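Coordinate analysis (summary)
As a plain string of letters, each chain reads:
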Amino acid sequence: MISENYISAEDSEQLVQAIDTHWMKYFFPVAAYVFTLFLICVLILLYYQMMTLDSAVWHWILVVFFVIYNMVHHWFFHRILSLVMVDILITNKRVVLFRTSIGIHEIVRDYPLGQIRAVEGKKMGFIHNLFHYGSLWFDTGGTDAIDTGSTIDFVTSPHFVSQLITEQMHHHSVKITSSGSIHLVAGAS
Amino acid sequence: MNALAGLIISSLASVLMMILVIWMYLRVKKRRIMLFSSLGVNVDKFFRKEGRLLSSVYIFATLTSIVIFSILFFLL
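So, here is what we can say about the structure in this document. Not measured: the values here are computed from a predicted model.

**A closer look at the interface of chain A and chain B**
By a frequent convention, interface size equals the accessible area lost on bringing the separate parts together. At the interface, 42 residues of chain A touch 41 residues of chain B. Summing the contributions of chain A and of chain B, the shared interface buries around 3700 Å²; its carbon and sulfur component is 72%. Counting the surface chain A buries against chain B, the share from its top three residues, Phe66(A), His74(A) and Leu81(A), is 17%. Counting the contacts that link chain A with chain B gives two salt bridges. Taken together, the connections running from chain A to chain B amount to nine residue pairs in polar contact (both at pLDDT 80 or more). Secondary structure elements with two or more residues in the side of chain A that touches chain B: strand E1 (2–4), strand E2 (15–20), helix H1 (27–49), helix H2 (55–84), strand E3 (87–91) and strand E4 (94–101) of chain A. Tallying contributions element by element places H2(A) first for the side of chain A that touches chain B, with 17 residues. Considering only residue class, the side of chain A that touches chain B consists of 25 nonpolar, 10 polar and seven charged.

**Digging into the nonpolar core**
Ranked by internal contacts, the top residues of the largest apolar core, which has 34 residues, are Ile44(A), Leu81(A), Tyr58(B) and Phe69(B). For this core, the elements supplying multiple residues, two or more each, are H1 and H2 of chain A together with helix H1 (3–38) and helix H3 (50–75) of chain B. Sorting elements by how many residues they give to this core places H2(A) first, with 14 residues. Ignoring any residue separated from it by four or fewer positions in sequence, one finds Ile44(A) in contact with Trp58(A), Leu62(A), Phe65(A), Phe69(B) and Leu72(B). Formed by 19 residues, the second largest nonpolar core is a distinct cluster that contains Val16(A), Ile88(A), Ile116(A) and Val119(A).

**Looking at H1(A)**
The terminal C-alpha atoms of H1(A) lie 33 Å apart, and with 23 residues this matches the ideal 33 Å at 1.5 Å per residue to within 8%. Taken together, the buried positions of H1(A) are occupied by Pro29(A), Tyr33(A), Thr36(A), Ile40(A) and Ile44(A).

**Side note on the pattern of salt bridges**
Across all of its chains, the model carries four salt bridges over all chains by this definition. We note a salt bridge from Asp110(A) to Arg94(A), for which the minimum N-O separation is 2.6 Å. Taken as a pair, Asp110(A) in strand E5 (residues 105–112) and Arg94(A) in strand E4 lie far apart in primary sequence, 16 residues in all. Assessed through its relative accessible area of 37%, Asp110(A) is described here as partly exposed. Glu106(A) is paired through a salt bridge with Arg31(B); the nearest N and O atoms lie 2.5 Å apart. Pair noted here: Glu106(A) is in strand E5 and Arg31(B) is in helix H1, and the two residues belong to different chains. We classify Glu106(A) as partly exposed; its relative accessible area is 35%. For Arg31(B), a relative accessible area of 39% gives the class partly exposed.

**Quick word on a nonpolar patch on the surface**
Residue and element names in this part refer to chain A. A contiguous nonpolar patch, built from Phe35, Phe38, Leu39, Val42, Leu43 and Leu46 and spanning about 550 Å² of accessible area, is present on the exposed surface. Residue position: Leu46 is located in helix H1. Judged by its relative accessible area of 46%, Leu46 is partly exposed.

**Things to note about the pairing of E5(A)**
Regular strands place side chains that alternate from one sheet face to the opposite one. Residues and elements named next belong to chain A. Summarising the sheet, E4 and E5 pair through eight bridges and their orientation is antiparallel. The residue bridging Ser101 from the neighbouring strand is His105, located in E5. If you look at the hairpin formed by E4 and E5, you'll find three residues sitting between the two strands, and Gly103 has a positive phi there, around 75°.

**A short note on the packing of aromatic side chains**
Within this structure, the stated rule accounts for 13 aromatic pairs over all chains. Residues Tyr133(A) and Phe154(A) carry aromatic rings whose centres are separated by 5.6 Å and whose planes lie at 15° to one another, so their mutual orientation is stacked. Of this pair, Tyr133(A) sits in strand E7 (residues 133–139) while Phe154(A) sits in strand E8 (residues 151–156), placing them 21 residues apart in sequence. According to the relative accessible area criterion, Tyr133(A) is buried, its value standing at 5%. Judged by relative accessible area, which is 24%, Phe154(A) ranks as partly exposed. Members of the aromatic cluster, joined through ring pairs, are Tyr33(A), Phe66(A), Tyr69(A), Phe76(A), Phe77(A), Tyr58(B) and Phe69(B). Here the guanidinium or amino end of Arg27(B) rests over the ring plane of Trp23(B), the centre of that ring lying 4.9 Å away.

What counts and what doesn't
- Residues numbered from 1 in each chain as written.
- Chains lettered and ligands numbered in written order.
- Predicted model: local features only at pLDDT ≥ 70, side-chain atom pairs only at ≥ 80, totals over all residues.
- Heavy atoms only, no water.
- Contact = heavy atoms within 4.5 Å.
- Buried area = accessible area lost by both parts, 1.4 Å probe.
- Salt bridge = Lys/Arg side-chain N within 4 Å of Asp/Glu carboxyl O.
- Polar contact = N/O pair within 3.5 Å; in protein donor to acceptor, adjacent residues only side chain to side chain.
- Helix = DSSP H or I, 4+ residues; strand = E, 2+ residues; numbered from the N terminus.
- Nonpolar A, V, L, I, M, F, W, Y, C, P; charged D, E, K, R; others polar.
- Core = buried A, V, L, I, M, F, W, Y, C linked by side-chain atoms within 4.5 Å.
- Buried < 20%, exposed > 50% of the residue type's maximum accessible area, 1.4 Å probe, protein only.
- Expected span 1.5 Å × (residues − 1).
- Patch = residues over 30% accessible without salt bridge, like charges linked within 9 Å, V, L, I, M, F, W, Y side chains within 5 Å.
- Areas by Shrake-Rupley, 256 points an atom, 1.4 Å probe, with all protein chains shown as cover.
- Pairing = 2+ DSSP bridges.
- Phe/Tyr/Trp six-rings, centres within 6.5 Å; stacked < 30°, edge-to-face > 60°.
- Lys NZ or Arg CZ within 6 Å of the ring centre and 35° of its normal.

Encoded structure:
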């Protein structure tokens, strides 16, 4: 969801747009969690129906299910809280992508506008078009569209965002032209 | 070691894991808020209450699962 459109009073770097990613990013972890929960409930019920087991054995089975459930439960919330932290910032000088897996890695990818050759917004398939989300790929020279490092998924309205970035690239190249550094313009346009 | 001890140890481990994940999340969020503020993003609007809501759901779900498994353990 595009949640912010605020321009900073700072003269050096102005924020153009701060973008959160689409809610569909939560779909697969939620589906996996619900499926595991359902499976554990069914297995507990089945074991209980076949209650020819000794009480002590039954208690140990319950503890094993509890441990398995806890593993999935903590994985799920870790994943969800990490996905909340995926953001995109567009300023008049650069595009910044934030990706985090809490406690494991934190990636802040900084694309200066002068180094971006092209931005590609992609909506592939029925689901992407139905929910209006897709992916953004930044061509900085030396990367291709399957390079996950330069691609960000689950972007709401990727074509609008790529258009916004292209406009900023254009403004940036005009500024550079007026300041005299013509050789950078070719790389930016 | 009997099954009850196993249940108690797993419950404690679960609560500790939850505290660890939330603590790490809050650390990352604090850093992100500082960075976003320096760029002029209205942080209150941007982060909204998503994170707080998810943390509350996480705490609630963890404690509920411990209670449910304990009830099952003693009832069945």
